[in-house]
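# Structural features, examined
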There are 2 protein chains.
Amino acid sequence: MAKTRWETEPEKLLRVDEGFALSDVDPDSTPGFDGDEEKGEKELKRHVDELADLQERLFAESRAGGNRRILLILQAMDTAGKGGIVRHVVGGVDPQGVKLHAFKSPSDEEKAHDFLWRIRRQLPEPGLIGVFDRSHYEDVLIHRVRGFSAPDVIEERYDIIRDFEQELVDDGTTIVKVMLHISSDEQKARLQERLDRPDKNWKFNPGDVDERMLWSQYMDAYQIALERTSTEGAPWYVVPADNKWYARIAVQRLLLNELRGLDPQWPAAEFDVEEQKKRLAGS
Amino acid sequence: MAKTRWETEPEKLLRVDEGFALSDVDPDSTPGFDGDEEKGEKELKRHVDELADLQERLFAESRAGGNRRILLILQAMDTAGKGGIVRHVVGGVDPQGVKLHAFKSPSDEEKAHDFLWRIRRQLPEPGLIGVFDRSHYEDVLIHRVRGFSAPDVIEERYDIIRDFEQELVDDGTTIVKVMLHISSDEQKARLQERLDRPDKNWKFNPGDVDERMLWSQYMDAYQIALERTSTEGAPWYVVPADNKWYARIAVQRLLLNELRGLDPQWPAAEFDVEEQKKRLAGS
């Protein structure tokens, strides 16, 4: 196991437990990590291969009938860095071992079904790391803030989500739910950069400013969602994300520790190796 | 543009044109590249960022209404290194910019439709690099060798494929079709390694030896497919693949040159930048 500068494992520090308050989390902090940006970038590189190796073992296990898989759920305000997590953390894993889906505004077909219908269609198969860039949590976040669904409908969804996720856990899925938490000021600076740089203009959407105006309503909606759906089987982690480098190593570490815990092994051959060697020699 | 050790561009040397004979291609050769494995690995690393950057530009273009996209089709005998191409060449691109699909034996649902039905469902959206690990070519390769379809049905498929691919080209898709070409001896050595190493046993399938026994029939089926479906709009490239490092830089170069030719640009803002700066400042 490669050395690390983590003094306390992030799952202990960032986990949403009883009494959690989002307003207590400083988006500019770097809990548990002994180092700056430069050290953080080294830490990220140092563990890329280990994450890829563990995923490959999980995949090998699945080929022998194993059912285990990972599902990373990413939620955040715009510009918080979901894309950077995908690129720099998940990007180190073999593309064949990743199932990534970005959930946009639902299509008419999707709207005609219950809100989990489109989610179920994108779940990772055994052996894979699934990544949701946004998720079913939009149905209790933007839906709450924007009033896209009636309050009593949203109210029921927290329980539906808990049951749904428990079902996945029971079926072999390790769920890692991450809210990337940036400050309103940091978002402003990042949006400003998208406006200042012509090569970044395409990433800017005027609607982002509209959403931004509803910042405190979104924070309230997150607080409620985090409280009501952080469970033993599928806990939430709130990752301070004003420092991109920190958010990346924190999510990398969360994934790494879950996979280390699963400790997948190369499966034994399900055929007679010596017999196949003879067949091959004669071919 | 970073320097290169390519003396002749691989698309000129590896393209299947009039009079092509698969039996003339030496799987152990390294056409056009002035260097050995060490130089090849440096070449691969040197161009990872450029490929990722070009894909991001293509994606940006698509957000402004652009329709262009890439489709890399990989076909090969077992162990030829399709997975290595995905991992080492495509793996350098942002996962959000890649749509990868591995086609397995068709399901009952897939069999109930025409052979292109499942293919159409996996085509890349504008801005992406789609990768097919196996493809509709299985329907004229294994189907021919194993007799899964009647000869006259297979006979019709070459034209159907040509029309289908032309339709994609007309719709903005740049198609890069690659056959990774290994020798029977090299395959034997690679299968042997999977049997010798317990951590590789899971990659071995006794059925691989059965397929191997049909080597010359497969080469015949490839020859026919290459001849009949290498078109101006969607040419085939036969990439010598006994040297994994060579196959990787050759495919990387093929993709790179296509993307350089497309020359995607950051799109201009579709909103009034100054107006949005004011809105942001006031938010």
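Residues numbered from 1 in each chain as written. Chains lettered and ligands numbered in written order. Predicted model: local features only at pLDDT ≥ 70, side-chain atom pairs only at ≥ 80, totals over all residues. Heavy atoms only, no water.

If you check an unreviewed UniProt entry, chain A appears there as PPK2 family polyphosphate:nucleotide phosphotransferase from Homoserinimonas aerilata.

We now examine the overall build of chain A. Broken down by element type, chain A carries twelve helices and five strands. Its C-alpha radius of gyration of 20 Å places chain A within 12% of the 19 Å reference for a compact globule of 283 residues. Taking the principal axes of the C-alpha coordinates as reference, chain A spans close to 70 × 45 × 40 Å. Looking at the 283 residues of chain A, the share that counts as buried comes to 53%. Summarising the internal contacts of chain A: among those between residues at least 6 apart in sequence, 81% fall at separations of at least 24. Put simply, chain A shows about 12700 Å² of open surface, and 44% of that area lies on carbon and sulfur atoms. (Helix = DSSP H or I, 4+ residues; strand = E, 2+ residues; numbered from the N terminus. Rg over C-alpha atoms; globule rule 2.2 N^0.38 Å. Buried < 20%, exposed > 50% of the residue type's maximum accessible area, 1.4 Å probe, protein only. Contact = heavy atoms within 4.5 Å. Areas by Shrake-Rupley, 256 points an atom, 1.4 Å probe, with all protein chains shown as cover.)

Looking now at the interface of chain A and chain B. Chain A puts 41 residues into the contact, and the matching count from chain B is 41 residues. Three residues, Arg87, Trp202 and Leu280 of chain A, lead the burial of chain A against chain B; their summed loss comes to 19% of the area buried on that side. The tally of links from chain A across to chain B stands at ten salt bridges. One salt bridge connects Asp210 of chain A with Arg279 of chain B, and the closest N-O pair in it is separated by 2.4 Å. In this structure, the connection of chain A to chain B is made through 14 residue pairs in polar contact (both at pLDDT 80 or more). (Buried area = accessible area lost by both parts, 1.4 Å probe. Salt bridge = Lys/Arg side-chain N within 4 Å of Asp/Glu carboxyl O. Polar contact = N/O pair within 3.5 Å; in protein donor to acceptor, adjacent residues only side chain to side chain.)

What follows is about the relation of the copies chain A and chain B. Mapping chain A onto chain B leaves a residual RMSD of 0.0 Å; the transformation is a rotation of 180° accompanied by 0.0 Å of translation along its axis. Given the turn and translation reported, the copies of this chain are related as if by a two-fold rotation axis. With an isologous cut-off of 70% or more, the 100% of interface residues of chain A that recur at the interface of chain B puts this contact in the isologous class. (Least-squares fit on C-alpha atoms with pLDDT ≥ 70 in both.)

Here we come to the pattern of salt bridges. In total, this model carries 58 salt bridges over all chains according to the counting rule given. With its nearest N and O atoms 2.6 Å apart, the salt bridge here joins Lys177 of chain B to Glu165 of chain B. Here the residue Lys177 of chain B occupies a position in strand S4 (residues 173-181), and Glu165 of chain B occupies one in helix H7 (residues 151-170), the gap between them amounting to twelve residues. Per residue, the accessibility class of Lys177 of chain B equals that of Glu165 of chain B, and both read buried. A single salt-bridge network, built from bridges that share partners, covers Glu9, Glu43, Arg46 and Arg253 of chain A.

This paragraph deals with helix H12 (residues 273-281) of chain B. Every α-helix carries 3.6 residues per turn, so stepping three or four residues along brings you back to the same face. Among the residues of H12 of chain B, those classed as buried are Val273, Gln276 and Leu280 of chain B. Along the axis of H12 of chain B, the buried positions cluster into a sector of 60°, meaning they face one direction only. Summarising the geometry of H12 of chain B, the exposed residues directed more than 90 degrees from the buried face are Lys278 and Ala281 of chain B. Structurally, H12 of chain B contributes buried residues whose contacts are with helix H8 (184-196) and helix H9 (206-212) of chain A. (Arc of directions from axis to C-beta.)

Of all hydrophobic cores here, the largest spans 74 residues; its most connected members are Leu72, Val178, Leu180, Leu226 and Val239 of chain A. At eleven residues, helix H11 (residues 244-262) of chain A tops the list of elements feeding residues into this core. Excluding anything up to four places from it in sequence, Val178 of chain A contacts Leu72, Ile73, Leu74, Gln75, Trp236, Tyr237, Val239, Val251 and Leu254 of chain A. Counting residues in each nonpolar core, the second largest holds 73 residues, with Val25, Leu214, Ala225 and Tyr237 of chain B among its members. (Core = buried A, V, L, I, M, F, W, Y, C linked by side-chain atoms within 4.5 Å.)

Moving on, we come to the sheet that holds strand S3 (residues 129-133) of chain A. All names here are of chain A. Strand order in the open sheet formed by five strands is S2-S3-S1-S4-S5, with parallel pairing between adjacent strands. Two strands lie at the open edges of the sheet, namely strand S2 (98-102) and strand S5 (236-240), each paired on one side alone. Shown here is a sheet whose adjacent strand axes are inclined to one another by a mean of 20°, direction ignored. Sheet strands touched by helix H7 (residues 151-170): strand S1 (69-76) and strand S4 (173-181). Its angle to S4, the strand with the most contacts, is close to 135°. (Pairing = 2+ DSSP bridges. Axes fitted to C-alpha atoms, helices over the stretch in contact; angles between N-to-C directions.)

All names here are of chain A. Counting buried positions over the five residues of S5 gives five, a clear majority of the element. Taking every second residue as pointing to the same face, both faces of S5 are buried, with Trp236, Val238 and Pro240 on one and Tyr237 and Val239 on the other. Note: S4 against S5, five bridges, orientation parallel. Residue pairing for S5: Leu180 is matched across the bridge by Val239.

As a further point, take the UniProt feature "domain: Polyphosphate kinase-2-related" (unreviewed entry) in chain A. In the numbering adopted here, UniProt assigns the feature "domain: Polyphosphate kinase-2-related" (unreviewed entry) to residues 36-261 of chain A. Here residues 36-261 of chain A runs as 53% helix and 14% strand, with 27 Å between its end C-alpha atoms. (UniProt positions renumbered as here; feature names shortened; annotations may be inferred.)

Residues and elements named next belong to chain A. This structure, assessed with the given rule, holds 18 aromatic pairs over all chains. Every member of this aromatic cluster is reached through a ring pair, and the members are Trp6, Phe33, Trp245 and Tyr246. Positioned above the aromatic ring of Phe115 is the side chain of Arg157, whose terminal nitrogen or guanidinium carbon lies 4.9 Å from the ring centre. (Phe/Tyr/Trp six-rings, centres within 6.5 Å; stacked < 30°, edge-to-face > 60°. Lys NZ or Arg CZ within 6 Å of the ring centre and 35° of its normal.)

On to the packing of H8 of chain A against H12 of chain B, then. For the pair H8 of chain A and H12 of chain B, interaxial distance at closest approach is 10 Å and the crossing angle is 170°. Comparing their axes, H12 of chain B and H8 of chain A come out roughly antiparallel. Here Lys188, Leu191, Gln192, Leu195 and Asp196 of chain A of H8 of chain A lie close against H12 of chain B, whose contacting residues are Val273, Gln276, Lys277, Leu280 and Ala281 of chain B. In terms of residue class, the contact of H8 of chain A with H12 of chain B is built from five nonpolar, two polar and three charged. (Parallel < 35°, antiparallel > 145°, perpendicular 65-115°, else oblique. Nonpolar A, V, L, I, M, F, W, Y, C, P; charged D, E, K, R; others polar.)

Attention shifts here to unusual backbone geometry. One non-glycine residue, Asp263 of chain A, adopts positive backbone phi at about 50°. The phi dihedral of Thr79 of chain B is positive, around 75°, even though this residue is not glycine. Mapped onto the secondary structure, Thr79 of chain B falls in the loop between strand S1 (69-76) and helix H3 (82-88).

The next point concerns the sheet that holds strand S5 (residues 236-240) of chain B. Residues and elements named next belong to chain B. In spatial order, the strands read S2-S3-S1-S4-S5; together these five strands make up an open sheet with parallel pairing. In the strand order of this sheet, the two ends are held by strand S2 (98-102) and S5, each with one partner. Along the sheet, successive strands turn relative to each other by an average axial angle of 20°, direction set aside. Across five bridges, the pairing between S2 and strand S3 (residues 129-133) is parallel. Across the sheet, the residue bridging to Lys99 is Gly130, located in S3. Those strands touched by helix H10 (residues 215-229) are S1, S4 and S5, and its axis lies near 155° from that of S4.

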